[in-house]
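Descriptive analysis of the structure
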Amino acid sequence: MFSGAQISIYPMSDDFVGVILGVLSALDPYRDRLRLETDDISTLMVGPPELLFPAMRDLFVAASRGGVHCVLSAAVSRGCPGEPDDPACTPLDASSGDDRPLAARIDAARQAVMRADNTGCPVAAQFSLYPLGAGHHMDEIYGCIDFVKASGVFERSKNFCTKLRGDAGPVFAAVEEAFLRFGAADGHVALDLTVSANSPTPV
């Protein structure tokens, strides 16, 4: 399997370079398991799918702690048939591919979000899930929607995406569960994510 994310972080500050450089240490706990490649547009994270969202969460929370309006944009993918298998992407749990019935996956995802620790950083987020190449992809999408509505961080449905609001811990956990549990366990799944903290105009 190949799993990874292209992420960009945008602190709305004149000192945006200082903010970004000052929080890179938030990724230190993940550097031995994630391959990181940065250019002038984004940073590629490649590694176990279960580490992608905690790494994004910790980086984003660190960047937001000073109170500056901060946005994270991410394109996340697992199982892309156009990418080679990468040993770095081996799931932390060898049995992590969840091919149980949909109802069981919805319940497991909801419980995982309930166990997520709070970070003290309130955020808003929106995401879209794309289970690709699945014959019953709409069943997976509707199942994901049912999960998110019961997750405790659902705010509302929007055109083309779902909006979440709450502490960064449960919010990132909800998006991670959507990514890992819906769509074929060994299939190609893509997810588009935007997260915002400290917005001057929350709606």
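Reference entry: report on the structure contained in this document. The model shown is predicted, which means the values in this text are computed figures rather than measured ones.

1. Side note on the side chain of E176
Among the structural elements, E176 can be located in helix 5 (residues 168-181). Buried within the structure, E176 lacks any salt-bridge partner; R57 is the closest side chain of opposite charge, at an N-O distance of 6.1 Å.

2. Describing the nonpolar core
Ranked by size, the top nonpolar core spans 50 residues in total, and within it M56, F127 and L193 carry the most contacts. Where this core is concerned, the elements lending two or more residues are strand 1 (3-11), helix 2 (49-64), strand 4 (70-78), helix 3 (102-114), strand 5 (122-132), helix 4 (137-149), helix 5 and strand 8 (188-197). In contact with L193, other than residues within four places in its own chain, are F53, L72, S73, A74, A125, Q126, F127, F172 and V175.

3. Examining the environment of V76
Considering the arrangement of structural elements, one finds V76 in strand 4. Residue contacts for V76: discarding those within four places in its chain leaves G4, A5, L52, F53, M56, F179, V189, A190 and L191.

4. Let's talk about the sheet that holds strand 5
One open sheet accounts for eight strands, arranged 2-3-1-4-8-5-7-6; its pairing is antiparallel. Only two strands of the sheet have a single partner each, and these edge strands are strand 2 (35-38) and strand 6 (154-158). Mean inter-strand twist for the sheet, computed between neighbouring axes without regard to direction, equals 20°. Contacting strand 5, strand 6 and strand 7 (161-167), helix 4 runs over the sheet at an angle of about 160° to strand 5.

Rules used in this analysis
Counting from 1, residues in each chain are numbered in the order their sequence is written. Local features in this predicted model are restricted to residues whose pLDDT is 70 or higher, and side-chain atom pairs enter the listing and the counts only when it is 80 or higher, whereas totals over whole chains, interfaces and linings include all residues. For side-chain calculations, the full set of non-hydrogen atoms in the structure is used, while hydrogens and water are omitted. By definition, any uninterrupted DSSP run of H or I lasting at least four residues is a helix, any uninterrupted run of E lasting at least two residues is a strand, and each is numbered from the N terminus. Each residue's exposure class comes from its accessible area (1.4 Å probe, protein chains only) as a fraction of the maximum for that residue type: buried when under 20%, exposed when over 50%, partly exposed otherwise. Positive: Lys, Arg. Negative: Asp, Glu. His and the chain ends are not part of the count. Between Lys or Arg on one side and Asp or Glu on the other, a salt bridge is scored when a side-chain nitrogen of the former is within 4 Å of a carboxyl oxygen of the latter. In plain words, nonpolar cores are sets of buried Ala, Val, Leu, Ile, Met, Phe, Trp, Tyr and Cys residues tied together by side-chain atoms within 4.5 Å. Any two residues whose heavy atoms approach within 4.5 Å are treated as being in contact. If DSSP finds at least two bridges between two strands, the strands pair. All axes are obtained by fitting lines to C-alpha atoms, using only the stretch in contact for helices, and the reported angles, taken between N-to-C directions, cover 0 to 180 degrees.

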